[in-house]
Amino acid sequence: LVGTGLVSVAAIAGHDGSIWANTAGFNVTADEVKKLLAGFADPGPLRASGLFIAGEKYLVLKADDRSIYGKKGTGGVVTVKTAQSILVGLYNEKIQPGQCANVVEKLADYLIETGY
């Protein structure tokens, strides 16, 4: 994800909250993953109180059963749920939100096709 240059930092987590892979220093907690996972089923609490990723609060812009997007200042977050994982990609002011979303969503499509 980060290698594309269109995602500033990223993480892949299991539905149980375990972190499978992440950018060094980008510390998403198991509790944040579990709240994010619950948000795919019921986005109301995330819309009301915000989405927390690595201790940072994001305003939820879009939330459905596949993707949750958030914004903070000039950056933001794109999260996508697959059968077994959750992908989290952050973008900064140098990256267009749509470019980051496209990269994260395409990797999610690949993982879904392969059963993950």
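Quantities reported herein were computed from a predicted structural model and do not represent experimental measurements.

Moving on to the overall build of the chain. From N to C terminus, the chain includes three helices and seven strands. Seen in sequence order, the chain has helices and strands lined up from the N terminus as β-β-α-α-β-β-β-β-β-α. Here the chain has a C-alpha radius of gyration of 13 Å; the compact-globule value for 116 residues is 13 Å, and the two agree. Over its C-alpha atoms, taken along the principal directions, the chain stretches across nearly 35 × 30 × 25 Å. For the chain, the residues scored as buried account for 41% of the 116 residues in total. Long-range contacts, defined as pairs at least 24 residues apart, comprise 47% of the intrachain contacts of the chain with a sequence gap of at least 6.

Here we take up the sheet that holds strand 5 (residues 67-72). Pairing is antiparallel in the open sheet, where seven strands are placed in the order 2-1-7-6-5-4-3. With partners counted over all chains shown, the strands left at the sheet margins are strand 2 (19-22) and strand 3 (51-53), one partner each. Adjacent strand axes in the sheet meet at a mean angle of 25° when their direction is disregarded. As defined by bridge partners, strand 5 adjoins strand 6 (residues 75-81) across six bridges and the pair is classed as antiparallel. Each residue of the ladder has a partner; that of S67, found in strand 6, is V80. Where helix 3 (residues 97-113) meets the sheet, it contacts strand 1 (9-14), strand 4 (56-63), strand 5, strand 6 and strand 7 (85-91), and its direction lies at approximately 165° from that of strand 7.

Taking 1.5 Å as the rise per residue, helix 1 (residues 30-41) with 12 residues should run 16 Å; its terminal C-alpha atoms sit 17 Å apart, in good agreement. For helix 1, every residue scored as buried is listed here: E32, V33, L36, G39 and F40. An end-on view of helix 1 places all buried positions within 115° of arc, on one side of the element. Within helix 1, the exposed residues directed more than 90 degrees away from the buried face are K35 and A41.

Cut-off values and rules
- Residues numbered from 1 in each chain as written.
- Predicted model: local features only at pLDDT ≥ 70, side-chain atom pairs only at ≥ 80, totals over all residues.
- Heavy atoms only, no water.
- Helix = DSSP H or I, 4+ residues; strand = E, 2+ residues; numbered from the N terminus.
- Rg over C-alpha atoms; globule rule 2.2 N^0.38 Å.
- Buried < 20%, exposed > 50% of the residue type's maximum accessible area, 1.4 Å probe, protein only.
- Contact = heavy atoms within 4.5 Å.
- Pairing = 2+ DSSP bridges.
- Axes fitted to C-alpha atoms, helices over the stretch in contact; angles between N-to-C directions.
- Expected span 1.5 Å × (residues − 1).
- Arc of directions from axis to C-beta.

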